[in-house]
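A closer look at the structure
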Amino acid sequence: MSITSKVRQSVVLTADGQVQKLVNTATSSTATDIGKANILTVFAQASDADAEVKLYNEADASKTASRLVFHGKFSTAANHVHEFKIPAAGIYASDGIYADVTNVDFLYIIGTF
């Protein structure tokens, strides 16, 4: 019996934007926006002190305060990395994931999507 994991890594983001995943076809891979997801880990590298990652349960750039599902702050200098591990089944996003970053070189998400 073959067991397939649904845990995946998102496409790496280097600025604010919709979090995406790679979808494989017979001939290539295409990046597409993540819809429903359980966020298990957020990994980011700071470009300066006071780095900040905000994740919204949204399929656009509205950044509605009531839709904020994760807010992480870290770092005292550039090039620090931080891994935010979310316990249990993670944070559920039903409509997509929009990332708003400050002083962050890059980030990616590990989760089920």
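Just above, that's the structure.
One structure accompanies this document, and this report is about it. No experiment lies behind these values; they were computed from the predicted model shown.

For the rest of this paragraph, the subject is the sheet that holds strand E10 (residues 98-102). Strand order in the open sheet formed by 4 strands is E2-E10-E6-E7, and the pairing between neighbours is antiparallel. Either end of the sheet is taken by a strand with one partner, and the two such strands are strand E2 (17-18) and strand E7 (68-74). Bridging between strand E6 (residues 51-56) and E10 involves 5 bridges; their strand directions are antiparallel. Residue Leu 55 lies in a different strand from E10, and its bridge partner there is Ala 99.

Considering the arrangement of structural elements, one finds Gln 45 in strand E5 (residues 37-46). Residue contacts for Gln 45: discarding those within four places in its chain leaves Phe 74, Asn 79, His 80, Val 81, Asn 103, Val 104, Asp 105 and Phe 106.

Below, the discussion takes up the packing of aromatic side chains. For the structure on display, the rule yields 4 aromatic pairs. Linked through ring pairs, Phe 43, Phe 106 and Tyr 108 together constitute an aromatic cluster.

Here we take up the nonpolar core. Within soluble globular proteins, side chains that are nonpolar generally end up buried alongside one another. Within the largest apolar cluster, 24 residues are counted, with the highest numbers of intra-cluster contacts made by Val 42, Val 53, Leu 55, Phe 70, Ile 97, Leu 107 and Ile 109. When contributions to this core are tallied by element, the ones reaching two or more residues are E5, E6, E7, strand E9 (91-93), E10 and strand E11 (104-112). Top element by residues in this core is E5. It accounts for 5 residues. If we skip the residues at most four places from it in the chain, Leu 55 touches Ile 39, Val 42, Arg 67, Leu 68, Val 69, Phe 70, Ile 97, Tyr 98, Ala 99 and Ile 109.

Here Ala 37 lies in strand E5. Among the residues examined, Ala 37 registers a relative accessible area of 1% and is labelled buried. Taking the C-alpha atoms as reference points, Ala 37 and Gly 90, 53 residues apart in sequence, are found 9.2 Å from one another. Residues in contact with Ala 37, not counting those within four places in the same chain, are Ile 91, Tyr 92, Ala 93, Ile 97, Thr 112 and Phe 113.

In this structure, Lys 63 is a non-glycine residue whose phi angle is positive, near 55°. Relative to the assigned elements, Lys 63 resides in the loop between E6 and E7. For Lys 63, a relative accessible area of 34% corresponds to the partly exposed category. Positive phi, close to 70°, is recorded for Asn 79, a residue that is not glycine. Relative to the elements of secondary structure, Asn 79 occurs in the loop between E7 and strand E8 (81-85). Overall, the relative accessible area of 53% leaves Asn 79 in the exposed class.

About the thresholds
Residues numbered from 1 in each chain as written. Predicted model: local features only at pLDDT ≥ 70, side-chain atom pairs only at ≥ 80, totals over all residues. Heavy atoms only, no water. Pairing = 2+ DSSP bridges. Helix = DSSP H or I, 4+ residues; strand = E, 2+ residues; numbered from the N terminus. Contact = heavy atoms within 4.5 Å. Phe/Tyr/Trp six-rings, centres within 6.5 Å; stacked < 30°, edge-to-face > 60°. Core = buried A, V, L, I, M, F, W, Y, C linked by side-chain atoms within 4.5 Å. Buried < 20%, exposed > 50% of the residue type's maximum accessible area, 1.4 Å probe, protein only.

From the geometry alone we can't say anything about function, so treat these as descriptive.
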